[in-house]
Amino acid sequence: MIDSETVLNQKTELLCKGLYLDNELITRYKEQGIQIDFGRKGGAGPLGGRYFILEDGNTMVNVALWNDKIKTNLVLKEKKGDFFEVHDNYNNNLFGNLKLVENPKFYELKTTDGIDMNKIALVHGVDCLASTIYQKCIYWACGEPCKFCGIELSLQYDSTIEEKNAKQMTEVISAAKKEGRCSHMTLTSGTDESVDKGANRYIELLKGVKNDHPNLPLHVQIEALEDMSYINKLKEAGADTIGIHIEVLDNRLRKEITPGKFSISYELYEKNWKHAIDIYGDNQVSSYVLTGFGESKADFINDVEKVISLGVIPYITPVRSIPGKKDLPITNYQDLLEIYKNSGKLMREYGVNPLKNKAGCVRCGGCSAIKEAYIEAK
Ligand code: SF4
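Residues numbered from 1 in each chain as written. Predicted model: local features only at pLDDT ≥ 70, side-chain atom pairs only at ≥ 80, totals over all residues. Heavy atoms only, no water.

Engineer: For this particular structure, what's the right way to read the nonpolar core?
Structural biologist: Soluble globular proteins tend to pack their nonpolar side chains together in the buried interior. Counting 118 residues, the largest nonpolar core has Leu19, Phe52, Leu129, Met169, Leu234 and Ile242 as the members making the most contacts within it. Of the residues that make up this core, three or more belong to each of domain 1 (4–100) and domain 2 (105–376). By size, the runner-up hydrophobic cluster in this structure holds six residues, among which are Tyr51, Ile53, Val101 and Cys364. (Core = buried A, V, L, I, M, F, W, Y, C linked by side-chain atoms within 4.5 Å. Buried < 20%, exposed > 50% of the residue type's maximum accessible area, 1.4 Å probe, protein only. Domains from an automatic or database assignment.)

Engineer: What is the right way to read the site of the ligand from this model?
Structural biologist: Taken together, Tyr51, His124, Cys128, Thr186, Tyr288, Tyr315, Cys361, Cys364, Gly366 and Cys367 make up all the residues around the ligand. Grouping the amino acids of the shell around the ligand by side-chain chemistry returns seven nonpolar, three polar and no charged. (Near = heavy atom within 4 Å. Nonpolar A, V, L, I, M, F, W, Y, C, P; charged D, E, K, R; others polar.)

Engineer: I keep staring at helix α10 (residues 297–309) and nothing clicks. Help me out?
Structural biologist: Structural remark: α-helix, 3.6 residues per turn; residues separated by three or four positions point the same way. Between the first and last C-alpha of α10 there are 18 Å, a value that for 13 residues agrees with the 18 Å anticipated at 1.5 Å per step. Considered for burial, the residues of α10 that qualify are Phe300, Ile301, Asp303, Val304, Val307 and Ile308. Taken around the axis of α10, the buried residues stretch over an arc of 165 degrees, which confines them to a single face. Where α10 is buried, its residues touch α9 (266–280), β12 (285–291), β13 (313–318) and α11 (333–350). Two residues or fewer past α10, glycine 311 is found with a positive phi of approximately 100 degrees. (Helix = DSSP H or I, 4+ residues; strand = E, 2+ residues; numbered from the N terminus. Expected span 1.5 Å × (residues − 1). Arc of directions from axis to C-beta. Contact = heavy atoms within 4.5 Å.)

Engineer: I tried to follow the packing of aromatic side chains on my own but got confused; where do I start?
Structural biologist: For any pair of aromatic rings, the description consists of the separation of the ring centres together with the inter-plane angle of the planes. What the rule picks out here adds up to five aromatic pairs. With a centroid separation of 5.1 Å and an interplanar angle of 80 degrees, the aromatic rings of tyrosine 29 and phenylalanine 84 are classed as edge-to-face. Note that tyrosine 29 is positioned in helix α2 (residues 23–31) and phenylalanine 84 in strand β5 (residues 83–88), a separation of 55 residues in sequence. Of the two residues, tyrosine 29 and phenylalanine 84, both sit in the buried class. With a centroid separation of 5.7 Å and an interplanar angle of 45 degrees, the aromatic rings of tyrosine 269 and tryptophan 273 are classed as tilted. (Phe/Tyr/Trp six-rings, centres within 6.5 Å; stacked < 30°, edge-to-face > 60°.)

Engineer: What exactly am I supposed to notice about helix α1 (residues 4–17) here?
Structural biologist: Over its 14 residues, α1 runs 20 Å from end to end, which matches the ideal 20 Å to within 8%, given 1.5 Å per residue. Burial runs high along α1: ten of the 14 residues are buried. Taken together, the buried positions of α1 are Val7, Leu8, Gln10, Lys11, Thr12, Glu13, Leu14, Leu15, Cys16 and Lys17. Backbone geometry just after α1 places glycine 18 at a positive phi near 70 degrees.

Engineer: Honestly, the environment of glutamate 24 in this entry has me stumped. Any pointers?
Structural biologist: Topologically, glutamate 24 is positioned in helix α2. Separated by 195 residues in sequence, glutamate 24 and histidine 219 have C-alpha atoms that sit 39 Å apart.

Engineer: For this particular structure, what's the right way to read the side chain of glutamate 223?
Structural biologist: Mapping glutamate 223 onto the fold places it in the loop between β10 (218–222) and α7 (229–237). Residue glutamate 223 is classed as buried on the basis of its relative accessible area, which comes to 3%. A distance of 3.2 Å separates a polar atom in the side chain of glutamate 223 from a polar atom in the side chain of threonine 191. With near-sequence residues (within four places) excluded, glutamate 223 lies in contact with Tyr139, Thr191, Lys197, Ile244, Lys261, Ile264 and Tyr269. (Polar contact = N/O pair within 3.5 Å; in protein donor to acceptor, adjacent residues only side chain to side chain.)

Engineer: Quick question: what am I supposed to make of empty space enclosed by the protein here?
Structural biologist: Empty space left among the atoms is revealed by rolling a probe the size of a water molecule over them. For the structure shown, the criterion picks out three cavities of 30 Å³ or more. Taken as a whole, the largest cavity encloses approximately 100 Å³ of empty space. Taken together, 13 residues make up the lining of the largest cavity; nearest its centre are Cys16, Trp66, Val319, Arg320 and Ile330. Of all the elements in the fold, those that place two or more residues in the lining of the largest cavity are α1 and β3 (60–66). In terms of residue count, the dominant contributor to the lining of the largest cavity is α1 (three residues). Classifying every residue of the lining of the largest cavity gives eight nonpolar, two polar and three charged. Counting only domains with at least three residues in the lining of the largest cavity, you end up with domain 1 (4–100) and domain 2 (105–376). When its volume is computed, the second largest cavity comes out at roughly 60 Å³. Along the walls of the second largest cavity sit Val248, Leu249, Asp250, Leu253, Leu290, Glu295, Ser296, Asp299, Phe300 and Asp303, which together make up its complete lining. A total of three residues in the lining of the second largest cavity trace back to one element, the largest contributor, which is α10. Within the lining of the second largest cavity, the residues separate by chemical class into five nonpolar, one polar and four charged. (1 Å grid on protein atoms, 1.4 Å probe; cavity = no way out; pocket = protein on both sides within 12 Å on 5 of 7 lines; lining within 4 Å. Points joined across faces, edges and corners; volume = space filled by probe spheres on them.)

Engineer: How do you make sense of the environment of proline 314 when you look at a structure like this?
Structural biologist: Relative to the helices and strands, proline 314 resides in strand β13. C-alpha separation for the pair proline 314 and threonine 186, spaced 128 residues apart in sequence, amounts to 17 Å.

This is how it looks when you write it as structure tokens:
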């Protein structure tokens, strides 16, 4: 068994580096009936990877899988029992053991209107069903997409459909629940040009899903809104938690990394976060915060403290390259470890507890070690 410090260290290193997966091994695993691949190539959130459980038996991590040895010194090796061995090529020793989270069987099924269920929603981790309800974004349309985003790629790869409706979603939820693979949901979306920025599409879908699955905790993600009444309407329609994502805290970097979203001021994010906490309650409001763009550690930690001091959970995640598309910088994992340790202490100081988050990315935990950092900061 590994202790909480080792869990935090291993997860942070895996999030930053990912694993090398030899194509030959894929074939050999397939012969052993083990379906392993390089994961999804397009869509929202960190791409290209699979979900693994660490040796403590419950910490889940979304690990990038590369077929390029340059990318990482961590190599996925043989499966022994339930766990794959991971070899560290730098130190020439065993890094650790990981258990692969299998894909669910409902991926073979179709909705009643004939759509492959895995084009509607996917299981992230063990039991978080995740879907991009609208696969297009105004910033892609006007040529100012966020540098790390792959939302419209899965449309290009025909691995999803442009817009999902409540009926399709509730059918997939039922199928996932049958397999015990849906305890909560992450709903995300590209941004609309309209004042509601896509909130109305969410509201219609949330009402339909809550009607059929009233006890399923639901998480929505949206950018800061001028008209904050939509934050209330999303709650009334059934959202339990909300992510109002700024992604990049440094204003100078925001202009470069999120050129379209840069038109939204940091002050408007603060107003939205405060209002959302009033509506959704403590520990139910979060923001993705990406590392790897050359921000100074000290400035980053100061900026994160501002976010935490408002009661917002900073979902700190190292940016990840988009397979076959964009090579993005790799975050130094020792730097990220220090950031996590400071953030864990700050969350304790300000009484922000990510372990109490009811639904979505924070509860899932796959893409960030912020919960492990909180645990370790005790
Ligand atoms: S945290 Fe979980 S639900 Fe969110 S994008 Fe990562 S794997 Fe998906």
